[in-house]
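Spelled out, the chains give:
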Amino acid sequence: MNPIISLEDVQRSYGDPPVLACAGVTLQITPGELVAIVGPSGSGKSTLLNLIGSLDRPTAGIARIDGLDVNDLDDRSLSALRAHRIGFVFQQFHLAEGVTAVDNVADGLLYVGIPRGDRRRRAVAALERVGLGHRLDHRPNQLSGGERQRVAIARAVVGDPPLLLADEPTGNLDTASGTAIVDLLHELNRQGTTVVVITHDVGLAAQLPRRIAIRDGRIVGDSVGEEAVA
Ligand code: ADP
């Protein structure tokens, strides 16, 4: 199967003199995988997330998403690629306050060009998919942290992107809510979505079938199965 993400000796440097936040990463992620990218603060996780999510371009090496070299795409094409192919979930949920769950989720379809009535119908279906069919008209301040993150996940998957990128998705949650979110990510993966979770949390990473460990902008471990994280 062709990889959904392919990085070939990718580097990203910042500043002058340059700091190599990503110092030559080669990795492939295949459709259907559920992967953790795990490393301590400052190891280059955000930099890698931005490269995998086509929010940023490499300063050297080749980053391909769905076989497309991001350096061959202009900003507009990259935005379109993101809108159709990638759902993003963040630690801070990033929901609009004062807006109902269903409208927050429907907004996830604004850039995909879907008529308004269809947006609402699909938002309801996405909320049902994450177990929030009974919270459609609740606003973020009427929801628990775990429920807010479910709304954010529904918004990320409402357009059925093949790839879901989650940045510390349990970082703001208590243990029970965090576990439920990890279960939901497993469920979405079983339904066919490729999922990449960025985290500093070794315990979270250990619950996922593949763990890519990074330090100082480099991969220091890539393990599948039950082994401990490198
Ligand atoms: P993590 O997400 O694992 O905490 P980051 O990717 O944010 O790591 O950062 C990796 C390294 O790159 C750090 O040393 C950080 O200081 C540096 N870095 C990240 N972004 C920038 C930036 N915009 N300008 C300068 N240095 C940066």
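These numbers were taken from a predicted model, which means no experiment stands behind them.

Enquirer: Account for the site of the ligand, with residues named and values stated.
Expert: Neighbouring the ligand are the residues Y14, A21, P40, S41, G42, S43, G44, K45, S46 and T47. With respect to the ligand, the backbone of S43 contributes an N or O atom lying 3.2 Å from an oxygen atom. In the environment of the ligand, an oxygen atom lies 2.6 Å from a nitrogen or oxygen atom belonging to the side chain of S46. Protein contact buries 57% of the 560 Å² of open area that the ligand shows by itself. Of all the elements, helix 1 (residues 45-52) adds the most residues to the shell around the ligand, at 3 residues. Residues belonging to the shell around the ligand are distributed by class as follows: 3 nonpolar, 6 polar and 1 charged.

Enquirer: Give a detailed account of the pattern of salt bridges, specifying residues and quantitative values.
Expert: Evaluation of the coordinates by the stated rule reveals 10 salt bridges. For the salt bridge of E33 with R210, the shortest nitrogen-to-oxygen distance reads 2.9 Å. Taken together, the positions of E33 in the loop between strand 2 (19-29) and strand 3 (34-38) and R210 in strand 9 (residues 210-215) put the pair 177 residues apart, joining distant regions of the chain. Overall, the relative accessible area of 9% leaves R210 in the buried class. Its salt-bridge partner being R57, residue D75 comes within 2.6 Å of it at the nearest N-O pair. In this pair, D75 is assigned in helix 2 (residues 75-85) and R57 in the loop between helix 1 and strand 4 (60-65), connecting sequence segments 18 residues apart. Taking relative accessible area as the criterion, D75 reaches 56% and is therefore assigned exposed.

Enquirer: Go over the packing of aromatic side chains, please, and point to the residues and values.
Expert: The full count for this structure, using the stated rule, is 1 aromatic pair. On the basis of an interplanar angle of 5° and a centroid distance of 6.2 Å, the ring pair of F88 and F90 is categorised as stacked. On the basis of relative accessibility, which here comes to 17%, the residue F88 falls in the buried class.

Enquirer: So what about the sheet that holds strand 2? Which residues, and what values?
Expert: Spatial strand order, 2-1-4-5: 4 strands in an open sheet with antiparallel pairing. Among the strands making up the open sheet, the edge pair consists of strand 2 and strand 5 (68-69). Pairing geometry for strand 4 and strand 5, over 2 bridges, is antiparallel. What sits directly across from I65, in strand 5, is L68. Against the sheet, helix 1 touches strand 1 (5-14), strand 2 and strand 4, its axis set at about 130° to strand 1.

Enquirer: Describe in detail the environment of D137, supporting the description with residues and values.
Expert: Counting through the fold element by element, D137 comes out in the loop between helix 4 (116-129) and helix 5 (145-157). Linking D137 and V102, residues 35 residues apart in sequence, is a C-alpha distance of 6.4 Å. Setting aside residues up to four positions removed in sequence, D137 forms contacts with T100, V102, R120 and Q142.

Enquirer: So what's going on with the packing of helix 5 against helix 6 (residues 175-190)? Which residues, and what values?
Expert: At a minimum axis distance of 10 Å, the contact between helix 5 and helix 6 shows a crossing angle of 20°. Taken together, helix 5 and helix 6 sit at an angle that is classed as roughly parallel. The two elements helix 5 and helix 6 cross, and the hand of that crossing is right-handed. On helix 6, the residues touching G146, Q149, R150, I153 and V157 of helix 5 are S177, A180, I181, L184, L185 and L188. When its residues are assigned to classes, the contact of helix 5 with helix 6 shows 7 nonpolar, 3 polar and 1 charged.

Enquirer: Help me get a handle on the environment of V197, residues and values and all.
Expert: Relative to the helices and strands, V197 resides in strand 8 (residues 194-199). Put simply, V197 and L165 are 32 residues apart on the chain and 6.0 Å apart in space, counted from C-alpha to C-alpha. Setting aside residues no more than four positions away along its own chain, V197 makes contact with V35, A36, I37, A166, P169, L185, L204 and L208.

Enquirer: Please set out the layout of surface pockets residue by residue, giving values where relevant.
Expert: If you add up the space inside the largest pocket, you get close to 530 Å³. Of all elements in the fold, only helix 2, strand 6 (86-90) and helix 5 reach the threshold of two or more residues within the lining of the largest pocket. A class-by-class count of the residues in the lining of the largest pocket yields 10 nonpolar, 6 polar and 3 charged.

About the thresholds
- Residues numbered from 1 in each chain as written.
- Predicted model: local features only at pLDDT ≥ 70, side-chain atom pairs only at ≥ 80, totals over all residues.
- Heavy atoms only, no water.
- Near = heavy atom within 4 Å.
- Polar contact = N/O pair within 3.5 Å; in protein donor to acceptor, adjacent residues only side chain to side chain.
- Areas by Shrake-Rupley, 256 points an atom, 1.4 Å probe, with all protein chains shown as cover.
- Helix = DSSP H or I, 4+ residues; strand = E, 2+ residues; numbered from the N terminus.
- Nonpolar A, V, L, I, M, F, W, Y, C, P; charged D, E, K, R; others polar.
- Salt bridge = Lys/Arg side-chain N within 4 Å of Asp/Glu carboxyl O.
- Buried < 20%, exposed > 50% of the residue type's maximum accessible area, 1.4 Å probe, protein only.
- Phe/Tyr/Trp six-rings, centres within 6.5 Å; stacked < 30°, edge-to-face > 60°.
- Pairing = 2+ DSSP bridges.
- Contact = heavy atoms within 4.5 Å.
- Axes fitted to C-alpha atoms, helices over the stretch in contact; angles between N-to-C directions.
- Parallel < 35°, antiparallel > 145°, perpendicular 65-115°, else oblique.
- Left-handed = near helix turned anticlockwise from the far one by under 90°.
- 1 Å grid on protein atoms, 1.4 Å probe; cavity = no way out; pocket = protein on both sides within 12 Å on 5 of 7 lines; lining within 4 Å.
- Points joined across faces, edges and corners; volume = space filled by probe spheres on them.

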